[in-house]
Amino acid sequence: MRSSRRDFLARSVQMGVLLGAGVPLLQACGGDTQRTKVSKPIADGLQPEKGPLRIINYDDYVSPDVIADFEREYGVSVEITIITTDSEATTKLASGAIQADVHHSIANYTVGALVERGWLQPLNKSYLTNRGNVLANFDDPWYDAGSTYTVPYTFFGTGLGYRRDRIDPADVEADGWDALWNATGFKGQVSVLDDEREALVMAMLRRGLTDVNTTDQAVIDQALADLVELIDSVNVKVNIQGYQDLPEGTSTIAQVWSADPVTGAINYLPEGVPAEVLGFWHPPAGEYVVANDNIGIVSNAANPVLAHLYIDYLLDNAVSEKNFSYLGYLPALTKLDADYLIGQGYVPEHLRNCVPTSEEIAQALVFKPLSNEGRALYETAWSKFKTGG
Amino acid sequence: MTAVVTSGKRRSTAVWATFALPGVAWLVAFFLVSVYAVMAVAFGSVDPLLRTTVPQWNPLQWDYAAMRNVLDRVFGGDLGHVFVRTGAFVGSALLGCIVVGYPVAYFVARKAHRHRGLLLVALVLPFWISYLMRMLAWANLLQPDGYVNRILSWLPFFDTHRTWLDGDWYTVVIGLVYGYVPFFILPLYATLERIDGRLIEAGRDLGASSFSTFVHVTLPLSIPGLMAASVITILPMCGDYYTNTYLSRGSPRTEMVGNQIDYFLRNSSQPQTGASLVLLLMAFLFVLMVYYLVITVRQQRAAER
């Protein structure tokens, strides 16, 4: 049955009305990105709220036992919303899709934007009685002057994890980043981190370029070409599963974060495989990229006092140790240094270099926030790499 | 007399239209509006600090730069490979679905008799387990020391050290076939089951062998089902990005369009690029859908004649 022209017009008008009604509704979903910086912390000496405390965090990025202990101690419940990437957290927070008190894992380069856009509130240090436990390196970090809005959660450097039973540690020490390009005997068992800046910058560092925040197209193109070479020469994989694939043996050499071999040794070694099979190499201080995740309190938190108490709880040495024994990711606390963690049996002696030293943190190369145009250069190069070159 | 009939017809049309209303409203809310939202993102901008999407709802202010860039990269650039690769994976997987699924659908529809109910339950059973869980299970089975290699080691002439998860196209295709074959079998089953048995008997009575009856009677009559089954499997396969990720541990050799969409939308400061890719993929699939509809309508007309 063919509809008449009049029917068609009537329907078009109805449709128009429907869409017209929809647009303002949709606009409301866009969220409000024009908030202004919050500069006043909460008052001293307030009573904690009744909760529930709402946390945004990566999956498995805090010990469930630590959470349960906190719930018991403060008589509140804790709800964790899982996010998979730093930018997903920002998007959901800014669009109002997530209402949260604590943002558990903010990347260094995101802190500034969240502060400027008014999504974090300054911390009231009178609640943070354990703040003194934190490494002095983080008293005045580049991303948050005076550590006003955040405290560091975990920190880690970027290096190579490898199997010492398959590759001679002396070779990796001699070759450095080249060890990844030289692993032609281990095709399919080589991986780089699934992160455009980490992987492309690795290729730059291999060529001795230490400006890890460059937006020079020629440098990025060269780094892309170097990564593409890995597709054919070693059948490279792109993932962040090194902490599991190295101990399980499906990977032989991988770009990893320094915490990965430690987590791998704690949680992922198959029965009968000794921790000695895992090795880690990182570049010397001055060429070593070290980053950390940060905890902050969301500006419109419903439970800001409780959120302060939670952060303080995590900064307690014993709590942090318990958390570390689950995570394998280093807390930025002075007491939990390499000697202590090795002494307690958490970190095998031969993985001592997985714990960045105070000097290494002080001289670390850091990923600073880039302009959108700058980021786009990395992202486009990365997208090209992932298409297979 | 004519007037009465017409008004009666009108009333019944109105009744049916009322029944259809919730469905139509649903489609408008969750299809048209969401497509419009994708367009608003594709032609919108990004917050310079937070790098979050700022959709542009006003079509007069749309900015087509990202789409132009994507078109450049797809036609004659590196993203072209990804579309071709996705097409090749989906095409091979569809072929696999036909080879595996057709005999199963045929058997259940026409030969299973009283076991049919049980077999149908068995076909629906995989849906009880999340797709992701099933893919993770495959990743385990296909590990170098996994069960697949252990079973193959009992057979002669097989390389038992075969690595399945190293970014090989066939592993991804196997995964896609496994994942989507139930979607393929069910609509095909529905068509095969409805074929009038007397037509097949007539074919046999007229002296055709069972093979030739199948080729000249059953197969042509099942084409609409085959088409529907293909469409139902092709559409989700084209947007798939987890099957290849899990079954190649993130090898650039198996990157599909879905992975690029995922990257740009979820993990980059260029959500416009991701949304543009979504629109482009939709445009390709739309052509396919129109072709399917044209064929279906033509067949219906032919059948009515």
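Within each chain, residues carry numbers counting from 1 in the order of the written sequence. Chains carry letters and ligands carry numbers; both start at the beginning, A for chains and 1 for ligands, and go up in the order they are written. Since the coordinates come from a predicted model, pLDDT governs what is reported: local features require at least 70, and pairs of side-chain atoms require 80 or more to be given and counted, while whole-chain, interface and lining totals use all residues. As a rule here, side-chain values cover all heavy atoms of the structure and leave hydrogens and water aside.

A. Focus on the interface of chain B and chain A. For this analysis, residues touch if any pair of their heavy atoms sits within 4.5 Å. Taken together, the contacts link 38 residues of chain B with 46 residues of chain A. For the pair chain B and chain A, the summed buried area comes to about 3,700 Å², and 54% of that belongs to carbon and sulfur atoms. Every case where a carboxyl oxygen of Asp or Glu lies within 4 Å of a side-chain nitrogen of Lys or Arg is listed as a salt bridge. At the boundary of chain B and chain A, one finds four salt bridges. Polar contact is the term for a pair of N or O atoms within 3.5 Å; when the atoms are in protein, one must be able to donate a hydrogen and the other to accept it, and sequence-neighboring residues count only if both atoms are side-chain atoms. In this assembly, chain B and chain A are joined by 20 residue pairs in polar contact (both at pLDDT 80 or more). Each helix is a run of DSSP H or I of at least 4 residues and each strand a run of E of at least 2, with the numbering of both proceeding from the N terminus. Taken together, the elements giving at least two residues each to the side of chain B that touches chain A come down to helix H1 (2–42), helix H3 (78–111) and helix H11 (257–267) of chain B. Once two parts are joined, some of their accessible surface, as seen by a 1.4 Å probe, is lost; buried area is that loss totalled over both.

B. View of the packing of aromatic side chains. Side-chain rings of Phe, Tyr and Trp, where Trp is taken by its six-membered ring, are said to pair if the distance between their centres is within 6.5 Å; with planes under 30 degrees apart they count as stacked, over 60 as edge-to-face, and otherwise as tilted. Using the criterion set out here, one finds 33 aromatic pairs over all chains in the structure. When the centroid spacing of 5.5 Å and the interplanar angle of 70 degrees are considered together, the rings of Tyr131(B) and Tyr242(B) count as edge-to-face. Taken together, the residues span a long stretch of sequence, with Tyr131(B) in helix H5 (residues 131–141) and Tyr242(B) in helix H10 (residues 242–248) at a distance of 111 residues. Following the ring pairs from residue to residue traces out a cluster consisting of Tyr58(A), Tyr61(A), Tyr153(A), Phe156(A), Trp257(A) and Tyr329(A). We call a charge positioned above a ring when the Lys NZ or Arg CZ atom is no farther than 6 Å from the ring centre and deviates by at most 35 degrees from the ring normal. Over the ring of Tyr109(A) we find Arg197(A); its NZ or CZ atom is 5.8 Å from the centre of that ring.

C. Focus on the nonpolar core. Leu180(A), Val192(A), Leu227(A), Ile253(A) and Phe385(A) are the most contacted members of the largest nonpolar core, which totals 91 residues. At 12 residues, H3(B) tops the list of elements feeding residues into this core. Excluding residues that lie within four positions of it along the chain, Ile253(A) makes contacts with Leu160(A), Gly161(A), Tyr162(A), Ile167(A), Ala179(A), Leu180(A), Ala183(A), Gln189(A), Val190(A), Ser191(A) and Leu246(A). We call a set of buried residues a nonpolar core when its members are Ala, Val, Leu, Ile, Met, Phe, Trp, Tyr or Cys and they connect through side-chain atoms within 4.5 Å of each other. Exposure categories follow from relative accessible area, calculated using a 1.4 Å probe and restricted to protein chains: below 20% of the type maximum is buried, above 50% is exposed, and the middle band is partly exposed.

D. The arrangement of the confidence of the model for chain B in detail. Per-residue confidence from the predictor is reported as pLDDT, which spans 0 to 100. In the predicted model, chain B carries a mean pLDDT of 86, and 95% of its residues have values of at least 70. Interface predicted TM-score (ipTM) for the complex: 0.85; the corresponding pTM is 0.85.

E. Molecular detail of the pairing of strand S2 (residues 78–83) of chain A. Residues and elements named next belong to chain A. Two strands pair when backbone bridges link them, and strand S1 (residues 53–58) and S2 are joined in this way by six bridges, in the parallel orientation. Each residue of the ladder has a partner; that of Ile 55, found in S2, is Ile 80. Orient the strands so they point away from the viewer, and a crossover whose first-strand-to-second-strand path over the helix runs clockwise is right-handed. Each parallel crossover has a hand, and the one from S1 via helix H2 (residues 64–74) to S2 is right-handed. The criterion for strand pairing is that DSSP finds at least two bridges linking the strands in question.

F. Geometry of H11(B). For H11(B), the tally of buried residues reaches eight of 11 residues, placing the bulk of the element in the interior. Turning to H11(B), its buried residues number three or more, namely Val257(B), Gly258(B), Asn259(B), Gln260(B), Ile261(B), Asp262(B), Tyr263(B) and Phe264(B).

G. Seen up close, the packing of helix H8 (residues 197–205) of chain B against helix H9 (residues 210–238) of chain B. Residues and elements named next belong to chain B. Axes here mean lines fitted to C-alpha atoms, for a helix over just the part in contact, with angles spanning 0 to 180 degrees between N-to-C directions. Running from N to C, H8 and H9 point in directions that differ by 145 degrees, and their axes come no closer than 9 Å. When you trace H8 past H9, the crossing you get is right-handed. Residues Leu 199, Ile 200, Gly 203 and Arg 204 of H8 form the contact with H9, whose own contacting residues are Ser 210, Thr 213, Val 217, Thr 218 and Leu 221. Residues are grouped as follows: nonpolar covers Ala, Val, Leu, Ile, Met, Phe, Trp, Tyr, Cys and Pro; charged covers Asp, Glu, Lys and Arg; every other residue, Gly included, is treated as polar. Residue classes in the contact of H8 with H9 are distributed as four nonpolar, four polar and one charged. For a crossing to be left-handed, the near helix must be turned anticlockwise from the far one by less than a right angle; the clockwise case is right-handed.

H. Main features of the pairing of S1(A). All names here are of chain A. A large share of S1 lies buried, amounting to five of its six residues. Across two bridges, the pairing between S1 and strand S3 (residues 102–107) is parallel. Within the sheet, the bridge partner assigned to Ile 56 lies in S3 and is His 103.

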